[in-house]
Amino acid sequence: MTTSLLIRGGTVVNADREFKADVLSIDGRIAAVGEDAAKNAPANAQALDAGGQYILPGGIDPHTHMQLPFMGTVAADDFFTGTAAGLAGGTTSIIDFVIPNPQQPLMEAFRMWREWAQKSAADYGFHVAVTWWSEEVSRDMGLLVKEEGVNTFKHFMAYKNAIMCDDETLVNSFKRSLELGAMPTVHAENGELVFLLQKEVAKMGITGPEGHPLSRPPMVEGEAANRAIAIADVLGVPIYIVHVSCIEAADAIARARARGQRVYGEVLAGHLLIDDSVYRDPDFAKAAAYVMSPPFRPKGHQEALWRGLQSGQLHTTATDHCVFCAPQKAAGRNDFTKIPNGCGGIEERMAVIWDAGVNAGRLTPSEFVAVTSANAAKLFNIYPRKGSISVGADADLVLWDPQGTKTISARTQHSKVDFNVFEGRKVRGIPSYTVSQGKVVYAKGELRAEAGKGRYIKRPAFGANFQAMALRSQDLAPSAVARAEPAMKSAAAAD
Ligand code: URP
Ligand code: ZN
Ligand code: ZN
């Protein structure tokens, strides 16, 4: 039986423009967008009134960790509870991370994560982390790209003695990514420096959460961002830097882009709005709840991140949703290096960015769509199926009530975690309805998420031009040599 939904009387907002239109979805896809969409609606179509509201593409959170086994425990939100919380906040797709243990085959880890994600309530994809290097890893990267719809590989430059990659792995994996038409991504923090500083901070007798930011200062992130960007430049491969949290990393990206390098940056909702004073809370549980990496920064960094989004030097917003309850965080009561790293935000991202972005005049509604869905869809090669309200796209939509208000609290959130990093923040601009695959899954406070309804979304490899740089700054990069070869051959023939 056909299922159809007609949303009437709203203002459609895409990344390129906003306009008054009705939106018709049939069987999970957008069938018509326009003032006369109703004419094509089946008689039994469900109707939603969007008067006074915006109709936005469903949010894409390109950085989450549902049920991640990490630092001796497992993240508290699984693929159902985490994606359900996302739907309540207007996020209809996530890209999570497969993180193999060093020496674990990538394909084995990928299959495990695919299994865990079966219960997802929203659509999802995977970045796959490269945590070690061998011929087998190289082969599995090929399988993942060619057969499994993975077009991004993640590299942790931090977490020494766990999942950190050394430069050898970075170089090999970046090069292989380029061959495959996949984009490398990095968690940019110098893990050796963090390791050393953690010991120095402990020697000073600091064992509480206030030691966490001291052991991970902004330059530790700046160094790693610059190094990853330099490696990518030499090899001629585009690169995406996750959770850019500070001026040092944002500047590294801006400088590289000014040289013509394809470098992309992601910002977390938390880093835009929360500063490092949270680590000085004398209540261990509260301070520990904010322990994540990179840490929250002194206030001045926030404005730089906003400016990055406004100027187009930073591209996407995410949450790094990776939640641990108080008893899990308590593992680091006497040693901050043992506090499981991670915070939440999947349900709040859209509302806090709207409130501090659009209401504050930093972003237009279209720019909001760009940084909450469209740019991620484009960068990860699922546009316009995701991130756009257009005929043929998936009917993943949010009716956004710009006058609706809410005070964020752990007491009312849908995530299973016992804390909310945005606790007490009042926001104006909230979803009234969320539609996933053409079905209403959230309606004015009522969550109708269903386990298993989310689909794995394959992301194809990038096309041939992916390898080209806008302007090369390294003449001898392999891609430059390959490009020069035909010209050199014809010059030789002409001689
Ligand atoms: O602290 C964080 N961010 N935890 C999740 C793993 C990561 O680094 O992204
Ligand atoms: Zn990270
Ligand atoms: Zn992460």
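Figured I'd write up the structure that's included with this text. What you see is a predicted model, and the numbers here were worked out from it, not measured in a lab.

**A closer look at the environment of Ala-188**
Thought 1: Structurally, Ala-188 is set in the loop between β12 (183-187) and α5 (191-203).
Thought 2: Among the residues examined, Ala-188 registers a relative accessible area of 2% and is labelled buried.
Thought 3: The spatial distance from the C-alpha of Ala-188 to the C-alpha of Thr-407 is 33 Å, given a sequence separation of 219 residues.
Thought 4: Each residue touching Ala-188, except ones within four places of it in the same chain, is listed here: Met-157, Glu-221, Ala-224, Ala-225 and Ile-241.

**Quick look at the layout of surface pockets**
Thought 1: In this structure, the largest pocket encloses a volume near 570 Å³.
Thought 2: Broken down by element, the residue count for the lining of the largest pocket peaks at 4 residues, all from α5.
Thought 3: Per-class residue counts for the lining of the largest pocket are 16 nonpolar, 11 polar and 3 charged.
Thought 4: The space that makes up the second largest pocket amounts to roughly 180 Å³.
Thought 5: Lining the second largest pocket we find 13 residues, and of these Thr-3, Gln-46, Gly-438, Lys-439 and Val-440 sit closest to its centre.
Thought 6: Those elements that place two or more of their residues in the lining of the second largest pocket are β1 (4-13) and β18 (439-443).
Thought 7: Of the residues that constitute the lining of the second largest pocket, the class distribution is 4 nonpolar, 6 polar and 3 charged.

**Examining the coordination of the zinc ion (ligand 2)**
Thought 1: The protein atoms that coordinate the zinc ion (ligand 2) are His-187 (ND1) and His-243 (NE2), at distances of 2.1 Å.
Thought 2: Classification of the site at the zinc ion (ligand 2) as irregular follows from its 4 donor atoms and the range of 57 to 146° in their angles at the metal.
Thought 3: A distance of 3.6 Å spans the gap from the zinc ion (ligand 2) to the zinc ion (ligand 3). In this pair, His-187 sits in strand β12 while His-243 sits in the loop between β13 (239-241) and α8 (247-258), placing the two residues 56 residues apart along the sequence. Summarising the burial analysis for this pair, His-187 and His-243 share the class buried.

**So, the state of the cysteines**
Defined simply, a disulfide is a covalent bond joining two cysteines at their sulfur atoms.
Thought 1: Per the stated rule, a full pass over the model turns up 0 disulfides.
Thought 2: Between Cys-165, a cysteine without a disulfide, and Cys-322, which holds the nearest cysteine sulfur, the sulfur-to-sulfur distance is 18 Å.
Thought 3: The buried category is assigned to Cys-322, whose relative accessible area is 3%.

**Focus on the packing of aromatic side chains**
The geometry of an aromatic ring pair is captured by the separation of the ring centres together with the interplanar angle, meaning the angle of the planes.
Thought 1: In total, this model carries 18 aromatic pairs according to the counting rule given.
Thought 2: With a centroid separation of 6.0 Å and an interplanar angle of 50°, the aromatic rings of Tyr-124 and Tyr-456 are classed as tilted. Separated by 332 residues along the polypeptide, Tyr-124 in strand β10 (residues 123-129) and Tyr-456 in the loop between β19 (446-447) and α15 (478-494) bring together distant segments of the chain. Judged on exposure class, the residue Tyr-124 and its partner Tyr-456 are both buried.
Thought 3: Judged by centre distance (6.0 Å) and plane angle (80°), the ring pair of Tyr-290 and Phe-296 falls under edge-to-face. One exposure class covers both Tyr-290 and Phe-296, and it is buried.
Thought 4: Arg-114 extends its terminal NZ or CZ atom over the ring of Tyr-456, reaching a point 3.8 Å from the ring centre.
Thought 5: Against the face of Tyr-383 rests Lys-378, its NZ or CZ located 5.0 Å from the ring centre.

**What about helix α3 (residues 135-148)?**
Thought 1: Across its 14 residues, α3 extends 19 Å between first and last C-alpha, which sits within 8% of the 20 Å expected from 1.5 Å per residue.
Thought 2: Listed in full, the buried residues belonging to α3 are Val-137, Ser-138, Asp-140, Met-141, Gly-142, Leu-144, Val-145 and Glu-148.
Thought 3: The inward-facing, buried residues of α3 abut α2 (106-116), β10, β11 (152-156) and α4 (167-180).
Thought 4: The residue sitting at the N-terminus of α3 and contributing the capping side-chain oxygen is Ser-134; that oxygen lies 3.2 Å from the backbone nitrogen of Glu-136.
Thought 5: Gly-149, located one to two residues past α3, shows a positive phi value of around 70°.

Rules of the game
Residues numbered from 1 in each chain as written. Chains lettered and ligands numbered in written order. Predicted model: local features only at pLDDT ≥ 70, side-chain atom pairs only at ≥ 80, totals over all residues. Heavy atoms only, no water. Helix = DSSP H or I, 4+ residues; strand = E, 2+ residues; numbered from the N terminus. Buried < 20%, exposed > 50% of the residue type's maximum accessible area, 1.4 Å probe, protein only. Contact = heavy atoms within 4.5 Å. 1 Å grid on protein atoms, 1.4 Å probe; cavity = no way out; pocket = protein on both sides within 12 Å on 5 of 7 lines; lining within 4 Å. Points joined across faces, edges and corners; volume = space filled by probe spheres on them. Nonpolar A, V, L, I, M, F, W, Y, C, P; charged D, E, K, R; others polar. Donors = N, O, S within 2.8 Å, 3.2 Å for Na, K, Ca; no water. Tetrahedral: all angles 85-135°; square planar, octahedral: opposite > 155°, others 65-115°. Disulfide = S-S within 2.5 Å. Phe/Tyr/Trp six-rings, centres within 6.5 Å; stacked < 30°, edge-to-face > 60°. Lys NZ or Arg CZ within 6 Å of the ring centre and 35° of its normal. Expected span 1.5 Å × (residues − 1). Polar contact = N/O pair within 3.5 Å; in protein donor to acceptor, adjacent residues only side chain to side chain.

Coordinates in, geometry out; function isn't part of it.
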